[in-house]
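Secondary and tertiary structure notes
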Amino acid sequence: MELTGKAVGASLDFDTNRFRITFEVNENDIVKAEYDKLKSYDKLKIKAVKYTQRRSLDANAYFHALVGKIADALTISKAKAKNVLICKYGQPQLLPDGSIMVYKTNAPEDFMWEQESIHAIPVKYEEKATFYKIYRGSHTYDTKEMSVLIDGTVADAKELGIETDTPAEIAEMKERWGI
């Protein structure tokens, strides 16, 4: 069960010496339907994180359509075009301590640009290895992050003479995305 809401209280149970956190949730119907099943479990995995609005599938589809057109215009693979755009306008992958993930490998740059599962840009060279700054995949972006990626991608497409949606159409799309 995944819900939205906010934390409204915390108290210490002196009998068990454990905290109880109280949430106010927005999805009453889900709670009504699922609570009895949840309370029957001896142990639950609980995760509460800041809410971010997920980007629209339309946004991701539009980004990938532009990636294909840019790849064709530059006569490069779609994988490389996507990696270039994500490394230019995307979001870095952060480690648990908040630092940016850097990956050291002996893989050649041409090989790394063609990878579908990792988005990496070289930042430092050593004799037998290259250090790459790693970026998150667009499927993890919230609406604001996706908006930045689309705006940059649209700008690059226009520089290449690629027809894009009009500013009004893009504004309408962003409105649908909730930006």
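These figures come from a predicted structure and were not determined experimentally. The residue numbering used here restarts from 1 in each chain and proceeds along that chain's sequence as written. Per-residue local features of the predicted model are confined to residues with pLDDT of at least 70, and side-chain atom pairs are confined, for both listing and counting, to 80 or more; whole-chain, interface and lining totals are unaffected and use all residues. Note that the side-chain values use all heavy atoms of the structure and ignore hydrogens as well as water.

**A look at the packing of aromatic side chains**
- Between rings of Phe, Tyr and Trp, where Trp is taken as its six-membered ring, a pair exists when centres lie within 6.5 Å; planes separated by under 30 degrees are stacked, by over 60 edge-to-face, and by other angles tilted. Scanning all chains against the criterion turns up zero aromatic pairs.
- For a lysine, the NZ atom is tested; for an arginine, the CZ atom; a charge sits over a ring if that atom is within 6 Å of the ring centre and within 35 degrees of the ring normal. Against the face of phenylalanine 131 rests lysine 124, its NZ or CZ located 5.0 Å from the ring centre.

**Some thoughts on helix α3 (residues 78-89)**
- We count a stretch as a helix when DSSP gives it H or I for four or more residues in a row; a strand needs E for two or more, and each element gets its number in order from the N terminus. What a helix should span is 1.5 Å times the count of its residues minus one. Here α3 contains twelve residues, and its C-alpha end-to-end distance of 16 Å stays within 8% of the 16 Å for a straight helix at 1.5 Å per residue.
- Each residue is placed in one exposure class: buried if its accessible area under a 1.4 Å probe, protein chains only, is under 20% of its type's maximum, exposed if it is over 50%, and partly exposed if it falls in between. Buried within α3 are the following residues: Ala79, Ala81, Lys82, Asn83, Leu85, Ile86, Cys87 and Tyr89.

**Points about the packing of α3 against helix α5 (residues 143-159)**
- It is at 9 Å that the axes of α3 and α5 come closest, and there the two elements cross at 120 degrees. With respect to each other, α3 and α5 are oriented oblique. Between α3 and α5 lies a crossing whose hand is right-handed. Between α3, through Leu85, Ile86, Lys88 and Tyr89, and α5, the contact on the second element is made entirely by Val148, Leu149, Gly152, Thr153 and Asp156.
- In terms of residue class, the contact of α3 with α5 is made up of five nonpolar, two polar and two charged. Axes, fitted as lines to C-alpha atoms, cover a helix only where it is in contact. Angles between the N-to-C directions of the axes lie from 0 to 180 degrees. The cut-offs work like this: below 35 degrees is roughly parallel, past 145 is roughly antiparallel, 65 to 115 is roughly perpendicular, and the gaps in between are oblique. Handedness of a crossing is defined here by the sense of rotation of the near helix relative to the far one, left-handed for an anticlockwise turn of less than a right angle and right-handed for a clockwise turn. It only takes one pair of heavy atoms within 4.5 Å for two residues to be counted as in contact. Nonpolar residues are Ala, Val, Leu, Ile, Met, Phe, Trp, Tyr, Cys and Pro. Charged residues are Asp, Glu, Lys and Arg, and all others, Gly as well, are polar.

**Quick notes on a nonpolar patch on the surface**
- Any residue with relative accessible area above 30% and no salt bridge may belong to a patch, with like charges joined within 9 Å and the nonpolar Val, Leu, Ile, Met, Phe, Trp and Tyr side chains within 5 Å. To measure how exposed things are, a 1.4 Å probe is used in the Shrake-Rupley method; for residues, cover is taken only from the protein chains shown. Any carboxyl oxygen of Asp or Glu within 4 Å of a side-chain nitrogen of Lys or Arg constitutes a salt bridge here. On the surface, a nonpolar cluster with roughly 330 Å² of combined accessible area is contributed by Leu94, Ile100, Val102 and Val123.
- Its location among the elements puts isoleucine 100 in the loop between α3 and β3 (102-105).
- The partly exposed category is assigned to isoleucine 100, whose relative accessible area is 36%.

**Regarding the pattern of salt bridges**
- Enumeration according to the criterion identifies seven salt bridges in this entry.
- Put simply, aspartate 156 and lysine 88 hold a salt bridge, and the shortest N to O gap is 3.0 Å. Here aspartate 156 is found in helix α5, whereas its partner lysine 88 is found in helix α3, with 68 residues between them in sequence.
- You can call aspartate 156 buried: its relative accessible area is 11%.
- A salt bridge links glutamate 145 to arginine 136, with the shortest nitrogen-to-oxygen separation between them at 2.8 Å. The same class applies to glutamate 145 and to arginine 136, which are both buried.

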